[in-house]
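This is what each chain is made of:
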Amino acid sequence: MASSHSSSPVPQGSSSDVFFKIEVDSSKHIRPVPSLPDVCPKEPTGDSHSLYVAPSLVTDQHRWTVYHSKVNLPAALNDPRLAKRESDFFTKTWGLNFVDTEVIPSFYLPQISKEHFTVYQQEISQREKIHERCKNICPPKDTFERTLLHTHDKSRTDLEQVPKIFMKPDFALDDSLTFNSVLPWSHFNTAGGKGNRDAASSKLLQEKLSYYLDIVEVNIAHQISLRSEAFFHAMTSQHELQDYLKKTSQAVKMLRDKIAQIDKVMCEGSLHILRLALTRNNCVKVYNKLKLMATVHQTQPTVQVLLSTSEFVGALDLIATTQEVLQQELQGIHSFRHLGSQLCELEKLIDKMMIAEFSTYSHTDLNRPLEDDCQVLEEERLVSLVFGLLKQRKLNFLEIYGEKMIITAKNIIKQCVINKVSQTEEIDTDVVVKLADQMRMLNFPQWFDLLKDIFSKFTIFLQRVKATLNIIHSVVLSVLDKNQRTRELEEISQQKNAAKDNSLDTEVAYLIHEGMFISDAFGEGELTPIAVDTTSQRNASPSSEPCSSDSVSEPECTTDSSSSKEHTSSSAIPGGVDIMVSEDMKLTDSELGKLANNIQELLYSASDICHDRAVKFLMSRAKDGFLEKLNSMEFITLSRLMETFILDTEQICGRKSMSLLGALQSQANKFVNRFHEERKTKLSLLLDNERWKQADVPAEFQDLVDSISDGKIALPEKKSGTTEERKPAEVLIVEGQQYAVVGTVLLLIRIILEYCQCVDNIPSVTTDMLTRLSDLLKYFNSRSCQLVLGAGALQVVGLKTITTKNLALSSRCLQLIVHYIPVIRAHFEARLPPKQYSMLRHFDHITKDYHDHIAEISAKLVAIMDSLFDKLLSKYEVKAPVPSACFRNICKQMTKMHEAIFDLLPEEQTQMLFLRINASYKLHLKKQLSHLNVINDGGPQNGLVTADVAFYTGNLQALKGLKDLDLNMAEIWEQKR
């Protein structure tokens, strides 16, 4: 605020000074204190306001501005020259409207008195005493220091007058902007008439710059005067330091001379001995290296010799050892710069040779005569090949073996067909060229023998494949086992090494001379045991021996060295071959486990291949419908042969193949369809030609029924010689009951047994057979109902009428079938899986349908007599003679009914049927008596009716089997209430 407001009058006419009051009293004008003009004024921009705010040094140096103000309002109010402050200052200056009001104390501020400072004074008084005591003890500052401080402050004040532009590090007058800022020549190049003024301004500027120069020189001199003592002290110290360095140089020279004498007398001879020992060791190393180079040089000829004898594993081990030696011990040898790439190419060549060799072995092994008893061909060769392929990670050899299996399976079938066709004289190979067409010309026995031969050869083929794969699997497992044991040995070795390292002293001293460790100067004899011990721990091969110096040129030396660097172990293959498992197998445990699983899958694949080829052979024969035309025994024989082959392959390979089983199921379904259609057609023809008369029962059918009673549901074997002597029976005896049946039912029972026996022979068609048998039984029930109850036999067979005997015979036939339904159900239930027991409900539905049919036949017999009673009793009149003609006719019809059904139906059913007929008779008689108004009053009419009823009762009870029948004829006289 020093220059913002002033008590001096401000020039009027400026509209921006509305907040300032004009000073009226001119006597109180304060003369402004002149100040130095700005050295670097701003250049005029043409704006009058900006010029007024920032005046020019040249044009406005004599004009008063607000920048000349040096007194502010508080200074004016606190003028020390006034005895006391004017009380009317504000009213005098700002008018009478200004009222000096008393300021009301704030309600929020407490009233402060001296008592509030009492506690503070008590606390601070002790501290004040201590401060005064310390102040008296401490001496005052030195006068020189106070003067120095005062001088420093004064010099700083003087330096602050120098413009900042001179203090910039990049100050240079050759810069136009800097030059124009320091020397504003633009202010001097003005219009004429102001020359004196420009000269005065230039002179003022020169004086200003001289003044700045003086300030700087004074400050520099002051600084030099302050540091003169330190400068002279530094110069004195420099001379002393030079003296010290001269003495130190002399002492170092003397020490070096003494060290040189000591080195010549005590060290030079010993070091010479160490150099000679080191040179000798280097020569020995060079000699050993040359021996090793000579051995490596013989690698390629040795590999060629091993390959000529198919020793692929030995050749690969030799190459691996040589590669290791080249990388570790012979690295950088110029003469061997191409040997590594040559060995890599040789290794690739060995890979191709092993794959080709394995392919040749697989072809030879799989295509040798099947009559050969040897399971595995050249087992040692196979083991060597597998080890070599595993060592090189060539795991696709199983795919090669699988391809060879497919080709061999095709060739087996082709060769069997050729042999069979050549043995058949009926086939002219010149006319029928294609082998498949020749095969289709075989009849079933010939074709069946061919299929049996194919299956037997496939079985031998699978046994050989299993034996070969077992050898491969054993090799893989031995490698896996060796990997695990090697890992365990490494863990034990690491533990031993850790214990050994902990026992050693951790401080090792080295003597270095010419860049070499002192340990290099020792002899080989001291280092060899340590190296051998380390190698034995790393390779776990304590029996390895280094090559002797006498056998440098022998190829076997490399093999020995490789054996010393490989951990080998002897294992026995189940076939009796000892194998050597090398340590450098590159396969992990997971890869070996996966390979073992692939071997097992390959065995499964071999079974699938045999089954697939058998299916194709089967389908090629079935193209002309040959298999569908087979009879039951032929198909059952074929089915059993195929099931036996499926079980044999499952036992060999450990898994059931589904392709041949699916083909068998498909052919079985076709066989079931044809089997069912043939029997259904046969049954239909039998029913259409059936005259519904009682047929004689041949002895073979009785034997058939007896075998079922014994619990054996099967067709009995034909007995030659005794069949002709036995005569047919009139009825069929089943568990003591007599069944009068028609010939169709006898054949139906035989057909049912054929279904049951087919299920026993072909278990896979149980569900289909159950469905077809249910359909057959339903068809018999519905068709017999149409022919008998529906009177269809009148048009189909030409019967004149459907008699009661026909109805009773039909009912008895249905009862016989119903009797055997539980037996059939139990037979199928024993052969169905539990989850398919719900299919047995078909038999429950069939039983219900048959019972309903039997009940309808019984109702039909009752209805026949009911219509007869209605016709005869409607004309009945109560009159003499007794018995009446009506009752005699009724008794005659009843006798005929009894004669028709008594020999067909059992006695119980006959009695039940006549009870129902008698109930119908009583109902019609009661109705007629009610119509005639005849009551039980003892009159003449009552007597005539009683005589007729007694005649009816006597005749009815006189019939066979109806003697004890309770007729209850008294019901005809009961009246409705």
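Rules used throughout
Residues numbered from 1 in each chain as written. Predicted model: local features only at pLDDT ≥ 70, side-chain atom pairs only at ≥ 80, totals over all residues. Heavy atoms only, no water. Helix = DSSP H or I, 4+ residues; strand = E, 2+ residues; numbered from the N terminus. Buried < 20%, exposed > 50% of the residue type's maximum accessible area, 1.4 Å probe, protein only. Areas by Shrake-Rupley, 256 points an atom, 1.4 Å probe, with all protein chains shown as cover. Patch = residues over 30% accessible without salt bridge, like charges linked within 9 Å, V, L, I, M, F, W, Y side chains within 5 Å. Salt bridge = Lys/Arg side-chain N within 4 Å of Asp/Glu carboxyl O. Axes fitted to C-alpha atoms, helices over the stretch in contact; angles between N-to-C directions. Parallel < 35°, antiparallel > 145°, perpendicular 65-115°, else oblique. Left-handed = near helix turned anticlockwise from the far one by under 90°. Contact = heavy atoms within 4.5 Å. Core = buried A, V, L, I, M, F, W, Y, C linked by side-chain atoms within 4.5 Å. Expected span 1.5 Å × (residues − 1). Arc of directions from axis to C-beta. Phe/Tyr/Trp six-rings, centres within 6.5 Å; stacked < 30°, edge-to-face > 60°. Lys NZ or Arg CZ within 6 Å of the ring centre and 35° of its normal. Polar contact = N/O pair within 3.5 Å; in protein donor to acceptor, adjacent residues only side chain to side chain. pLDDT = per-residue confidence, 0-100.

Colleague: Looking at this model, I keep getting lost on the overall build of the protein. Mind explaining?
Modeller: Of regular secondary structure, the protein possesses 29 helices and four strands. Looking at the protein as a whole, 35% of its 977 residues qualify as buried. Per element, the accessible surface of the protein, about 60200 Å² overall, is 56% carbon and sulfur.

Colleague: What am I meant to see in a nonpolar patch on the surface here?
Modeller: On the surface, a nonpolar cluster with roughly 420 Å² of combined accessible area is contributed by L159, M167, V216, I220 and I224. The dominant element in the nonpolar patch, judged by the number of residues it contributes, is helix α7 (residues 195-226), at three residues. Following the sequence through the fold, L159 ends up in helix α5 (residues 143-161).

Colleague: Help me out: how do you make sense of the pattern of salt bridges in this one?
Modeller: Opposite charge on two side chains makes pairing possible when the charged atoms of those side chains draw close. Applying the stated criterion across every chain, the model contains 15 salt bridges. One salt bridge in this structure joins K879 and E877, with 3.2 Å as the shortest N-O distance. Classification of E877 as partly exposed rests on a relative accessible area of 46%. Residues participating in the shared-partner salt-bridge network are R674, E678, R679 and E754.

Colleague: I would appreciate a short explanation of the packing of helix α10 (residues 312-328) against helix α11 (residues 339-367) in the present structure.
Modeller: The packing of two helices is summarised by the inter-axis angle and the distance between the axes. Contact pair α10 / α11: the axes reach a minimum separation of 10 Å and the direction vectors enclose 160°. Considering the angle they form, α10 stands roughly antiparallel to α11. Judged by the sense of rotation from one axis to the other, the crossing of α10 with α11 is left-handed. Contact residues: F312, A315, L316, I319, T322, Q323 and L326 in α10; L339, G340, L343, C344, L346, E347, I350, M353, M354 and E357 in α11.

Colleague: It is not clear to me how the environment of N411 should be interpreted in this structure. Could you clarify?
Modeller: Of note, N411 is situated in helix α13 (residues 397-423). Assessed through its relative accessible area of 34%, N411 is described here as partly exposed. Along the chain, N411 and N367 lie 44 residues apart, while their C-alpha atoms are 8.5 Å from each other.

Colleague: Would you mind showing me how to read the nonpolar core here?
Modeller: Considering soluble globular proteins, one finds that nonpolar side chains tend to be buried as a cluster. One finds W447, F828 and F914 to be the most contacted residues of the largest nonpolar core, which totals 199 residues. For this core, the leading source of residues is helix α15 (residues 444-503), giving 19 residues. With sequence-adjacent residues up to four places away left out, F828 is seen in contact with C756, V759, T766, M769, L770, L773, L840 and F843.

Colleague: Explain helix α29 (residues 940-957) here, please?
Modeller: Along an α-helix, residues three or four apart share an orientation, since each turn contains 3.6 residues. An ideal rise of 1.5 Å per residue puts 26 Å on 18 residues; α29 measures up with 26 Å between its terminal C-alpha atoms. Buried within α29 are the following residues: N942, V945, D948, V949, Y952, T953 and L956. Buried positions in α29, seen along its axis, are confined to an arc of 140° and lie on one side of it.

Colleague: Help me understand the packing of aromatic side chains, please; the structure alone is not making it clear to me.
Modeller: Ring pairs (aromatic) are described by centroid distance and by the angle formed between their planes. In the structure shown here, the tally under the stated rule is 17 aromatic pairs. Between F869 and Y921 the ring centres are 5.4 Å apart and the planes differ by 65°, which places this aromatic pair in the edge-to-face class. Of this pair, F869 sits in helix α26 (residues 841-873) while Y921 sits in helix α28 (residues 907-932); the two residues are 52 residues apart in sequence, bridging distant segments of the chain. Centre to centre, the rings of Y876 and F887 are 5.1 Å apart; their planes meet at 65°, and the pair counts as edge-to-face. Of this pair, Y876 sits in the loop between α26 and α27 (885-901) while F887 sits in helix α27, and the two are eleven residues apart along the sequence. In this pair, the class of Y876 matches that of F887, namely buried. In textbook terms, an aromatic cluster arises when at least three aromatic residues are bridged by ring pairs, as seen for F869, Y876, F887, Y921 and Y952. Geometry around F675 places R679 over its ring, the cationic atom sitting 3.5 Å from the centre. R812 extends its terminal NZ or CZ atom over the ring of Y739, reaching a point 3.8 Å from the ring centre.

Colleague: Help me understand the packing of helix α25 (residues 804-829) against α27 in this model?
Modeller: Relative orientation of the contacting elements α25 and α27 amounts to 35°, with a least axis distance of 9 Å. Of the two elements, α25 crosses α27, and the hand of that crossing is right-handed. Taking contact as the criterion, the partners of T804, K805 and A808 in α25 are, on α27, M897, A900 and I901.

Colleague: Help me out: how do you make sense of α10 in this one?
Modeller: Taking 1.5 Å per residue, 17 residues should reach 24 Å; α10 reaches 24 Å between its end C-alpha atoms and fits that length. Counting buried positions along α10 yields twelve of 17 residues, so the element is predominantly enclosed. Along α10, the residues that are buried comprise F312, V313, A315, L316, D317, L318, I319, T321, T322, Q323, V325 and L326.

Colleague: Can you walk me through the side chain of N918 in this structure?
Modeller: Examined against the element boundaries, N918 turns out to sit in helix α28. On the basis of relative accessibility, which here comes to 1%, the residue N918 falls in the buried class. Among the polar contacts made by the side chain of N918, one reaches the main-chain carbonyl oxygen of L967 at a distance of 3.0 Å. Residues contacting N918, with those up to four places away along its chain left out, are Y952, L956, L967 and M969.

Colleague: Is there a simple way to explain unusual backbone geometry in this structure?
Modeller: It is generally the case that most residues other than glycine have a negative phi and that most peptide bonds are trans. Along the chain, A880 connects to P881 via a cis peptide bond; the corresponding omega equals 0°. Residue position: P881 is located in the loop between α26 and α27. At A791, a position not held by glycine, the phi torsion is positive, near 60°. Tracing the backbone through its elements, the reader meets A791 in the loop between α23 (766-789) and α24 (793-796). Despite not being glycine, N933 shows a phi value in the positive range, around 60°. Relative to the helices and strands, N933 is located in the loop between α28 and α29.

Colleague: Could you clarify how one ought to interpret the side chain of T766 in this entry?
Modeller: Its location among the elements puts T766 in helix α23. You can call T766 buried: its relative accessible area is 3%. Polar side-chain contacts of T766 include one of 2.6 Å to the backbone oxygen of P763. Residues within four places of T766 in sequence aside, it is in contact with V759, F828, R831 and L832.

Colleague: Could you clarify how one ought to interpret the confidence of the model for the protein in this entry?
Modeller: Caution applies to low-pLDDT parts of the model: their predicted coordinates are not meant to be read in detail. Mean pLDDT over the protein: 76, with 75% of residues reaching 70 or higher. Of the regions scoring below 50 in pLDDT, residues 505-570 engages in 88 contacts with residues more than four places distant in sequence or in other chains. The model gives residues 574-579 a pLDDT under 50, and that stretch makes 18 contacts with residues more than four places away or in other chains.

Colleague: I would appreciate a short explanation of the environment of I846 in the present structure.
Modeller: Positionally, I846 belongs in helix α26. For the pair I846 and S774, spaced 72 residues apart in sequence, the C-alpha to C-alpha distance is 7.4 Å. Residues within four places of I846 in sequence aside, it is in contact with S774, L777, K778 and I821.

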